[in-house]
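Structural description and commentary
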Amino acid sequence: MVNLFIASECSKHMTGSDQGGTDQSTLGDEETRSQAAETETDAAEADAAGRSASARDEVDSAENAQRSIRDMLDEEGGASVFDNRDLVEPDTIIDEERIVGRDDQLESVVSFLKPTLQGNRPPNMLLYGPAGTGKSLIIGAVTEQIIELCKSKGERFGVVSINCQPINTLDQAVYELVQTVAKNVGAEVGVPETGVSTKRKYRRLYELVNDNYDSVIFILDEIDLLVGRRANDEPAYSKLLYQLSRASNTNEIEGRVSVAALTNDPKFMENIDGRAESSFNPRDVYFPDYDANQLRQILKNRRDAFRPDALEDDVIPLVAAFAAQSHGDARKAIDLFRGAGDLADERGDEEVSEEHVRESQEEIDKDRSLKLVEGLTTQKKISLYATAAVARHSRRSGSSVPSPVGFKIYQWVTDELDADQMTRETYVKYVKELSTYGLISTSRKSRGRGGGMYMEFTFTGDPTAIMDRIVEDTRLETVGDQEELLQSVVNAQLNEFHEK
């Protein structure tokens, strides 16, 4: 009994002890959780404060960056050496009193277009001569005056001008004409670029002209570059000239139509189809190179592109001298004039000096287009290298490259490199594409009756510099080391070509 009592009491005591321990443990846990919660709250508050401080730092940093950018802009915000930069932009149509050394050409173009003012159809024209000799300048200046005179008489005279250099096909050329007229008159183009026939595009072109003009002149600049895709077919420019020059006679255009073709190629008409030649039948206006004195006067007439005190005395004579070395190209003279001014602005200089001119010319001599060579695909590099090799190693006068010879050298180079070989059509396409970089000019040539047509490539710069740059591509180093053999192959192929 006693033992049972003791056991019972012990049990109660132990149970009480356990409950008390449990109560104490519970209190301890709650206290621990409370402390943890407080710690978490403190940490969260500290983290929030940290984020807030970080955000403030970012804002402060952004504000500092903004202030820094503004400071830089303020520092670079000095007065420009230019007063009217448009005067030295290449596409600006200048006032007639600024035109130099083109009195005969101006008089001819005026006399050919004057019938427009008398309600008659003017003749078609072929303006030809080297690049930068004023062809676009003269035709643009005269047609601008005719537009104003016709407007004063209530006549609607339209000028539809396109540059054919970036256009590959006849279809694209007609679409470009449609787009140009639509933009000039504020109308819808009305036909998609693809998915409809060229004939449909011609119809839309004639609709736009008939609805908006009493007389129109189509100006086709660099017309000789509109060759088309098929080497053995009639050139695209021949087809275009045929259609436009006869549109009035066939009543597709109700008003008076004239076509002016501008080209650097003095033999342009030799490659034109007989029907197109008969229909086009142009009056010729030749534009020779400018001499050094004329170039100097051209620059003086654009002197007010700069602030009165922004040119040192020797700048214009030096620019003219450099341009005269580039075959009298006025466009290059104006580009150099503008480039020297840009260089002065970049450096924050208040005057354009001889140093700016020389450095700008050095940059031109390096030929920015050469930098584009580095980004070409291997096949385009090989095509360009082979073409340049013919121009460099030819023992014949001139540096023009017949496409059949260029392709033979391309085949030789690909064999030496064990590289893939494209077709002749692809080779010609690649080289023609390079004309958009200003590396070469292209023209279509005939080998005489029954001899077929071919493309001729002429380098605008030094073909040796182009080859040297391309050889930096490690794949072409092996060919670059075989210069004597390459020269022999080039001249053997040239001899074979010219003996046929």
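See above for the structure.
Think of each chain on its own: its residues are numbered from 1, step by step along the sequence as written. Owing to the predicted nature of the model, reporting of local features is limited to residues with pLDDT of at least 70; listing and counting of side-chain atom pairs is limited to 80 or more, with chain, interface and lining totals taken over all residues. To obtain the side-chain values, all non-hydrogen atoms of the structure were used and water was disregarded.

What about the overall build of the protein chain?
- A run of H or I in DSSP becomes a helix once it reaches four residues, and a run of E becomes a strand once it reaches two; helices and strands are each numbered from the N terminus. A count of helices and strands for the protein chain gives 18 helices and 8 strands.
- Residues counted as buried form 41% of the 500 residues belonging to the protein chain.
- At a minimum sequence separation of 6, the contacts of the protein chain that also span at least 24 residues come to 73%. A 1.4 Å probe rolled over the protein chains alone gives each residue an accessible area, and that area as a share of the maximum for its type sets the label: buried under 20%, exposed over 50%, partly exposed in between. In this analysis, two residues are considered to be in contact whenever any of their non-hydrogen atoms come within 4.5 Å of each other.

Examining the pattern of salt bridges
- We define a salt bridge as a contact between a side-chain nitrogen of Lys or Arg and a carboxyl oxygen of Asp or Glu at a distance within 4 Å. Applying the stated criterion across every chain, the model contains 16 salt bridges.
- Note that R275 and D273 form a salt bridge whose closest N and O atoms lie 3.7 Å from each other.
- The exposure class assigned to D273 is partly exposed, which follows from its relative accessible area of 26%.
- Linking D309 and R307 is a salt bridge whose minimum nitrogen-to-oxygen distance equals 2.6 Å.
- Among the charged side chains, a network of salt bridges with common partners joins R85, E89 and D342.

Notes on the nonpolar core
- In this structure, L177, L205, F218, L220 and L240 are the most contacted members of the largest nonpolar core, which totals 42 residues.
- Elements that contribute at least two residues to this core include exactly strand 1 (125–128), strand 2 (157–163), helix 4 (170–185), helix 5 (198–212), strand 3 (215–221), helix 6 (236–246), strand 4 (256–263) and helix 7 (274–280).
- Top contributing element to this core by residue count: helix 4, with 8 residues.
- Within this scheme, the nonpolar core is defined by two criteria: the residues are buried Ala, Val, Leu, Ile, Met, Phe, Trp, Tyr or Cys, and they are joined through side-chain atoms within 4.5 Å. Core analysis: the next-biggest nonpolar cluster, separate from the first, contains 40 residues, L417, I440, M455 and L494 among them.

Quick look at the packing of helix 2 (residues 103–113) against helix 3 (residues 135–152)
- Where helix 2 contacts helix 3, the two axes come as close as 10 Å, and the packing angle between them is 40°. If you check the angle between helix 2 and helix 3, you find them oblique. For the element pair helix 2 and helix 3, the recorded crossing hand is right-handed. Contacts between helix 2 and helix 3 involve Q105, L106, V109, V110 and L113 from the former and I138, I139, V142, T143 and I146 from the latter. To get an axis, fit a line to the C-alpha atoms, keeping to the stretch in contact for a helix; angles then go from 0 to 180 degrees between the N-to-C directions. Oblique is the label for every angle not falling under 35 degrees (roughly parallel), over 145 degrees (roughly antiparallel), or within 65 to 115 degrees (roughly perpendicular). What makes a crossing left-handed is the near helix being turned counterclockwise from the far one by less than a right angle; a clockwise turn instead makes it right-handed.

Some remarks on the sheet that holds strand 1
- Strand pairing is assigned whenever DSSP detects at least two bridges linking the two strands. Read across the open sheet, the 5 strands follow the order 2-3-4-1-5; overall the sheet is parallel. Each of the sheet's edge strands pairs with one partner strand only, and the pair in question is strand 2 and strand 5 (283–286). Recorded for the sheet is a direction-independent mean angle of 15° between the axes of neighbouring strands.
- Pairing geometry for strand 3 and strand 4, over 6 bridges, is parallel.

Remarks on the packing of aromatic side chains
- A pair of Phe, Tyr and Trp rings is counted when the ring centres sit within 6.5 Å of each other, with Trp represented by its six-membered ring. The angle between the planes then sorts it: under 30 degrees is stacked, over 60 is edge-to-face, the rest tilted. Enumeration according to the criterion identifies 10 aromatic pairs in this entry.
- Centroid distance Y237 to F268: 4.8 Å. Interplanar angle 45°. Geometry classified as tilted. With a gap of 31 residues between them, Y237 in helix 6 and F268 in the loop between strand 4 and helix 7 connect regions that are remote in the sequence. F268 carries the same exposure label as Y237, and that label is buried.
- Each residue in the set F407, Y410, Y427 and F457 is aromatic and connected to the rest through ring pairs, giving one cluster.

Section: the sheet that holds strand 8 (residues 453–459)
- Strand order in the open sheet formed by 3 strands is 6-8-7, and the pairing between neighbours is antiparallel. Sheet topology places strand 6 (401–402) and strand 7 (440–446) at the edges, where each strand pairs with a single neighbour.
- As judged from the 2 bridges shared by strand 6 and strand 8, these two strands associate in the antiparallel manner. Residue pairing in the sheet places V401 in a bridge with F457 of strand 8.
- Most of the contacts of helix 13 (residues 378–393) go to strand 8, to which it runs at about 80°, and overall it touches strand 6 and strand 8.

Observations regarding the environment of L205
- Of note, L205 is situated in helix 5.
- Along the primary structure L205 and E176 are separated by 29 residues, whereas in three dimensions their C-alpha atoms are 9.7 Å apart.
- Excluding residues within four positions of it along the chain, L205 makes contact with L177, V178, V181, F218 and L244.

Regarding the environment of G101
- Relative to the helices and strands, G101 is located in the loop between helix 1 (2–75) and helix 2.
- Here G101 falls in the partly exposed class, since its relative accessible area comes to 32%.
- In sequence terms G101 and D291 are 190 residues apart; their C-alpha atoms lie 9.0 Å from each other.

Some thoughts on the packing of helix 13 against helix 18 (residues 483–499)
- Remark: helix 13 packs on helix 18, axes separated minimally by 9 Å, with the N-to-C direction vectors making an angle of 80°. Between helix 13 and helix 18, the crossing angle belongs to the class labelled roughly perpendicular. Between helix 13 and helix 18, the contacting residues are Y385, A389, V390, R392 and H393 on the first element and E483, L486, Q487, V490, N491 and L494 on the second.
- Three classes are used: nonpolar for Ala, Val, Leu, Ile, Met, Phe, Trp, Tyr, Cys and Pro, charged for Asp, Glu, Lys and Arg, and polar for all others, with Gly counted as polar. Of the residues assigned to the contact of helix 13 with helix 18, the class counts are 6 nonpolar, 3 polar and 2 charged.

As for helix 16 (residues 463–471)
- Three or more residues of helix 16 are buried, namely P463, I466, M467 and I470. The arc that holds every buried residue of helix 16, seen down its axis, measures 100°, which confines them to one face. This arc corresponds to the set of directions leading from the helix axis out to the C-beta atoms.

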